[in-house]
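An overview of the molecular structure
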Amino acid sequence: MSDLPDSAQSRGEAPPRIPVKIEEALAALAMALICCITFANVIVRYFTDASFAFTEEFSIFLMVVLTLFGASAAFVRNTHIRMTFLTDRMPASLARRTEYLVMALSALMFAVIAWYGTFLFWDDWQYDTTSPGIGIPQWIYTIWLPLLSAVICLRILGRLVRLVRAPAAGDAQ
């Protein structure tokens, strides 16, 4: 089974070198942890009328991680959110150039997030910022923003390279 949807395979696009199963497994792990933490908190609240202090903080962090892993997998599989009303009505060559532009702008956006996320991480590290809920170092949470944004940026660039190498719709194969 390929890491690409059937539409990408039919266009002659090569599968990614690094399997998307990595992001999918890590996203599933984050989701499982969210479910376990939330379920444990509900059980404890039901029986003791108290709740775990860390659950909201960890759940929010894991939701952000889950979202970033999901975005990475979506870009690899070419299933990211898009509005195709205009591109479906464009000539194939113009739609292809538009796809190049969208991929380049997406890579730029996640590169900027990685860049500024690094400053956010560095501030948390340098000033020993602690999390508001349980008081652990905030950088444990913020380091994942630039790291996963860089991963997404690399996945987008890989997708762009595969898209450029794939034959155009009108070309002979």
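Structure: see above.
Analysis parameters
Residues numbered from 1 in each chain as written. Predicted model: local features only at pLDDT ≥ 70, side-chain atom pairs only at ≥ 80, totals over all residues. Heavy atoms only, no water. Patch = residues over 30% accessible without salt bridge, like charges linked within 9 Å, V, L, I, M, F, W, Y side chains within 5 Å. Areas by Shrake-Rupley, 256 points an atom, 1.4 Å probe, with all protein chains shown as cover. Salt bridge = Lys/Arg side-chain N within 4 Å of Asp/Glu carboxyl O. Helix = DSSP H or I, 4+ residues; strand = E, 2+ residues; numbered from the N terminus. Axes fitted to C-alpha atoms, helices over the stretch in contact; angles between N-to-C directions. Parallel < 35°, antiparallel > 145°, perpendicular 65-115°, else oblique. Left-handed = near helix turned anticlockwise from the far one by under 90°. Contact = heavy atoms within 4.5 Å. Core = buried A, V, L, I, M, F, W, Y, C linked by side-chain atoms within 4.5 Å. Buried < 20%, exposed > 50% of the residue type's maximum accessible area, 1.4 Å probe, protein only. 1 Å grid on protein atoms, 1.4 Å probe; cavity = no way out; pocket = protein on both sides within 12 Å on 5 of 7 lines; lining within 4 Å. Points joined across faces, edges and corners; volume = space filled by probe spheres on them. Nonpolar A, V, L, I, M, F, W, Y, C, P; charged D, E, K, R; others polar.

**Thoughts on a nonpolar patch on the surface**
Judged by side-chain polarity, Leu101, Leu105, Leu108, Val112, Trp115, Tyr116 and Phe119 come together as a nonpolar surface patch covering roughly 760 Å² of accessible area. Position of tryptophan 115 relative to the elements: it lies in helix H4 (residues 92-126).

**Let's talk about the packing of helix H2 (residues 21-48) against helix H3 (residues 55-77)**
At a minimum axis separation of 8 Å, H2 and H3 run at an interaxial angle of 155 degrees. One element, H2, and the other, H3, form an angle in the roughly antiparallel class. In terms of crossing hand, the pair formed by H2 and H3 is left-handed. Together, Lys21, Glu23, Glu24, Leu26, Ala27, Ala30, Met31, Leu33, Ile34, Ile37, Thr38 and Asn41 of H2 and Thr55, Phe58, Ser59, Leu62, Met63, Leu66, Phe69, Ser72, Ala73 and Arg77 of H3 make up the contact between the two elements.

**Things to note about the nonpolar core**
Of all hydrophobic cores here, the largest spans 20 residues; its most connected members are Leu62, Phe75, Phe110, Ile152 and Ile156. Of all elements in the fold, only H2, H3, H4 and helix H6 (144-165) reach the threshold of two or more residues within this core. No other element matches H3, which puts seven residues into this core. Apart from residues lying up to four places away in sequence, leucine 62 is in contact with Ala30, Leu33, Ile34 and Ile37.

**Quick notes on the layout of surface pockets**
The calculated volume of the second largest pocket comes to roughly 420 Å³. Around the second largest pocket, the lining is made up of 20 residues, and of these Arg17, Ile18, Arg155, Gly158 and Arg162 lie nearest the centre. Those elements giving two or more residues to the lining of the second largest pocket turn out to be H2, H3 and H6. The element contributing the most residues to the lining of the second largest pocket is H6, with seven residues. Tallied by class, the residues present in the lining of the second largest pocket amount to twelve nonpolar, two polar and six charged.

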